[in-house]
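Fold and contact review
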Amino acid sequence: MPAELLVLALACLLLLAHVLLAGYYKTQQYGREWNMGARDEDLPPLNHVAGRLDRARGNFLETFPIAVAALLGVVLAGKAGPVSAAAAWVWLAARVIYLPLYWTGVPKVRTLVWGVGLLALLVVLGVLLLG
């Protein structure tokens, strides 16, 4: 299996971790009835931890479709190789590191890690478009 597809599969697990963590902390704040209900009611703002996890999940969802397109694209186009594989692993590592940084409220370093992940995605896109 190409490394890019392995990274993509692992990223799906990371997405699941984002969803479950954010949901768990929301449920801790709003209760099981909210979780199992229609969720139509207006609620108070999320506490700091639940809010951070929810924003981290949203942030991951903003770039995940780009990663899917780029990683699948290089494989389907026959352009997968050492550069796209290395960039894929860097992107995944950055996203894994980003979650606990956001969860614990670490500023600046979190943004730097996000930037590394974005640059890695741009490298994969560069391979797809130019490689």
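Residues numbered from 1 in each chain as written. Predicted model: local features only at pLDDT ≥ 70, side-chain atom pairs only at ≥ 80, totals over all residues. Heavy atoms only, no water.

Within the chain one finds five helices and zero strands. The secondary structure elements of the chain, listed N-terminal to C-terminal, are α-α-α-α-α. When the backbone C-alpha atoms are referred to their principal axes, the chain occupies close to 50 × 30 × 20 Å. The proportion of buried residues among the 131 residues of the chain is 34%. The contacts of the chain with a sequence gap of at least 6 include a subset with a gap of at least 24, amounting to 76%. Accessible surface for the chain amounts to roughly 7500 Å². Of this, 70% is attributable to carbon and sulfur atoms. The centroid of the 10 positive side-chain charges in the chain is displaced by 11 Å from the centroid of its 7 negative side-chain charges. (Helix = DSSP H or I, 4+ residues; strand = E, 2+ residues; numbered from the N terminus. Buried < 20%, exposed > 50% of the residue type's maximum accessible area, 1.4 Å probe, protein only. Contact = heavy atoms within 4.5 Å. Areas by Shrake-Rupley, 256 points an atom, 1.4 Å probe, with all protein chains shown as cover. Lys, Arg positive; Asp, Glu negative; His and termini not counted. Charge placed at Lys NZ, Arg CZ, Asp CG, Glu CD.)

Over its 22 residues, helix H5 (residues 109-130) runs 31 Å from end to end, which matches the ideal 32 Å to within 8%, given 1.5 Å per residue. Three or more residues of H5 are buried, namely Val 113, Gly 117, Ala 120, Leu 121, Val 124 and Val 127. The arc enclosing the buried residues of H5, seen along the axis, measures out at 110°, which places them on a common side. Of the residues in H5, the exposed ones pointing more than 90 degrees away from the buried face are Leu 112, Leu 119, Leu 129 and Leu 130. (Expected span 1.5 Å × (residues − 1). Arc of directions from axis to C-beta.)

Attention now goes to helix H3 (residues 48-76). Given a rise of 1.5 Å per residue, 29 residues ought to cover 42 Å, and the 42 Å separating the end C-alpha atoms of H3 matches this to within 8%. The sharpest bend along H3 reaches about 30° and sits at Thr 63, with the proline Pro 65 one to four residues further on. Capping the start of H3 is the job of one residue whose side-chain oxygen sits 3.2 Å from the backbone nitrogen of Val 49: Asn 47. Gly 78, located one to two residues past H3, shows a positive phi value of around 70°. (Bend = angle between axes of the 7 residues up to and from the residue. Polar contact = N/O pair within 3.5 Å; in protein donor to acceptor, adjacent residues only side chain to side chain.)

This brings us to the nonpolar core. In terms of nonpolar packing, the biggest core is built from 28 residues, with Phe 60, Phe 64, Leu 71 and Trp 91 touching the most fellow members. Residue assignment for this core shows that the elements contributing at least two residues are helix H1 (3-30), H3, helix H4 (82-103) and H5. By residue number, the principal contributor to this core is H4, which donates nine residues. Those residues in contact with Phe 60 that lie beyond four places of it in its chain are Ala 11, Leu 14, Leu 15, His 18, Trp 91 and Arg 95. (Core = buried A, V, L, I, M, F, W, Y, C linked by side-chain atoms within 4.5 Å.)

Let us look at the pattern of salt bridges. Under the definition given, this model contains two salt bridges. Note that Asp 54 and Lys 26 form a salt bridge whose closest N and O atoms lie 3.1 Å from each other. One end of the pair, Asp 54, is in helix H3; the other, Lys 26, is in helix H1, and 28 residues separate them in sequence. For the pair formed by Asp 54 and Lys 26, the shared burial category is buried. We note a salt bridge from Arg 57 to Asp 54, for which the minimum N-O separation is 2.7 Å. Taken together, the residues span about one helical turn, with Arg 57 and Asp 54 both in helix H3 at a distance of three residues. Among the residues examined, Arg 57 registers a relative accessible area of 21% and is labelled partly exposed. Overlapping salt bridges, with partners in common, bring together Lys 26, Asp 54 and Arg 57 in one network. (Salt bridge = Lys/Arg side-chain N within 4 Å of Asp/Glu carboxyl O.)

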